[in-house]
Amino acid sequence: MTARTRGTLLLAVLALAWGSNFLWIKIALAGFDPVTLTFGRLALGTLVLLAIVGARRQRLPRDAATWGHLTVAALLANAAPYLLFAIGETRVDSGIAGALNATTPLWTLLLALALRAQNRPTVAQAAGFFLGFLGCLLIFQPWTTHGIDLAGALSCLAAAFSYAVSYLYIGRHLAPRTLSPVTLSACQLLAATGWLALALPFGDVATTTVTAPAVAALLILGVLGTGLAYIVNYALIRTDGAPQASLVSYLLPAISVVLGALFLGEPLAGTLVGVIVILFGVALSRRRTRSAA
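Residues numbered from 1 in each chain as written. Predicted model: local features only at pLDDT ≥ 70, side-chain atom pairs only at ≥ 80, totals over all residues. Heavy atoms only, no water.

Engineer: What am I meant to see in the environment of L37 here?
Structural biologist: Checked against the element boundaries, L37 lands in helix α3 (residues 34-55). Considered as a pair, L37 and L218 are 181 residues apart in the sequence and their alpha carbons are 7.1 Å apart. Non-local contacts of L37, meaning those with residues more than four positions away in its chain, are made with I25, A28, L29, F32, A86, L218 and L221. (Helix = DSSP H or I, 4+ residues; strand = E, 2+ residues; numbered from the N terminus. Contact = heavy atoms within 4.5 Å.)

Engineer: I tried to follow unusual backbone geometry on my own but got confused; where do I start?
Structural biologist: Trans peptide bonds make up the majority, and among non-glycine residues the majority have a negative phi. For R57, which is not glycine, the phi torsion reads 60° and is therefore positive. With respect to the helices and strands, R57 occurs in the loop between α3 and α4 (64-88).

Engineer: What is the right way to look at the side chain of T66 in this model?
Structural biologist: As for its placement among the helices and strands, T66 is situated in helix α4. Given a relative accessible area of 2%, T66 falls into the buried group. Setting aside residues no more than four positions away along its own chain, T66 makes contact with P61, L174, R177 and L179. (Buried < 20%, exposed > 50% of the residue type's maximum accessible area, 1.4 Å probe, protein only.)

Engineer: I keep staring at the packing of helix α5 (residues 94-101) against helix α7 (residues 123-140) and nothing clicks. Help me out?
Structural biologist: The geometry of a pair of packed helices is captured by two quantities: the angle between their axes and the separation between those axes. One can describe the packing of α5 onto α7 by two numbers: an axis separation of 11 Å at closest approach and a directional angle of 170°. By the criterion of interaxial angle, the relationship of α5 to α7 is roughly antiparallel. Between α5 and α7, the contacting residues are I96, A99 and L100 on the first element and C136, I139 and F140 on the second. A breakdown of the residues in the contact of α5 with α7 according to their chemical character gives 6 nonpolar, no polar and no charged. (Axes fitted to C-alpha atoms, helices over the stretch in contact; angles between N-to-C directions. Parallel < 35°, antiparallel > 145°, perpendicular 65-115°, else oblique. Nonpolar A, V, L, I, M, F, W, Y, C, P; charged D, E, K, R; others polar.)

Engineer: Is there a simple way to explain the packing of aromatic side chains in this structure?
Structural biologist: The geometry of two aromatic rings is summed up by the distance between their centres and the angle between their planes. Within the structure shown, the criterion is met by 4 aromatic pairs. Summarising the aromatic geometry, the rings of F85 and Y163 are spaced 6.2 Å apart at their centres and angled 35° between planes, so their arrangement reads as tilted. Placement of the pair is F85 in helix α4 and Y163 in helix α8 (residues 150-173), with a sequence separation of 78 residues. An identical accessibility class is assigned to F85 and Y163; each is buried. Between W107 and F161, the aromatic rings sit 5.4 Å apart at their centres with planes inclined by 90°, giving edge-to-face as the arrangement. Placement of the pair is W107 in helix α6 (residues 104-114) and F161 in helix α8, with a sequence separation of 54 residues. Residue W107 is classed as partly exposed on the basis of its relative accessible area, which comes to 26%. For F161, a relative accessible area of 35% puts it in the partly exposed group. Chaining the aromatic ring pairs together yields one cluster made of F22, F85 and Y163. (Phe/Tyr/Trp six-rings, centres within 6.5 Å; stacked < 30°, edge-to-face > 60°.)

What follows is the structure, given as structure tokens:
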């Protein structure tokens, strides 16, 4: 198998794994409350990555400073957004959750500008922000009487914003460290599982209904979408490089919308148009970064 074929295959697998997460969340919510679902997802992903770290005989970090940063990163990149998406999907379609997740790069750029980590935006970036806002409006459809649930959609947007904050935090405090990405990810998921363990008393375990589809969805979400997908991501970066690997972010919202329509009967047309507009905005907002690279 050539490197190009291997890269294409890895990209397809990763896009399907991450893009389908919103579908599995929706199915699993039929049997689990959001807190229990998120705890189970993180615990399963942690077990997978710790097993891989052990098989590779890699050491976990031992200094308090690294674990302190990992704990903060776990809250921002895993515990909070995973829980917020689960809460959001109790009120909105899985495709809408996936579509709003596509706003993460726009939030990241906005935060970088606000924190002066980047110079003022170019015309292309400003146009990207406008298109991203327009895409969200197309998804929200506030001019109709059957617009989407506001609380659920805002929960998903808050999750995307949390991802954006985590990228800046991880880039500053964890990326420069010499530990392997798999080890850092395993420790981060372990810390995130701890955060959700603290939240378990606030869940609604009494509503748990153990059904085969819900349990299967949780297993797929935890083992594949939260655990093994990290390994696929790193393999893709090694094969094609980080810039090419980042293209997966353009595929996730479309996959989530299509899967929601195919398997859950969710509306397709309006949400898909919003996704396309948002992705055009993301492409414009990243033009300067790619040119500089």
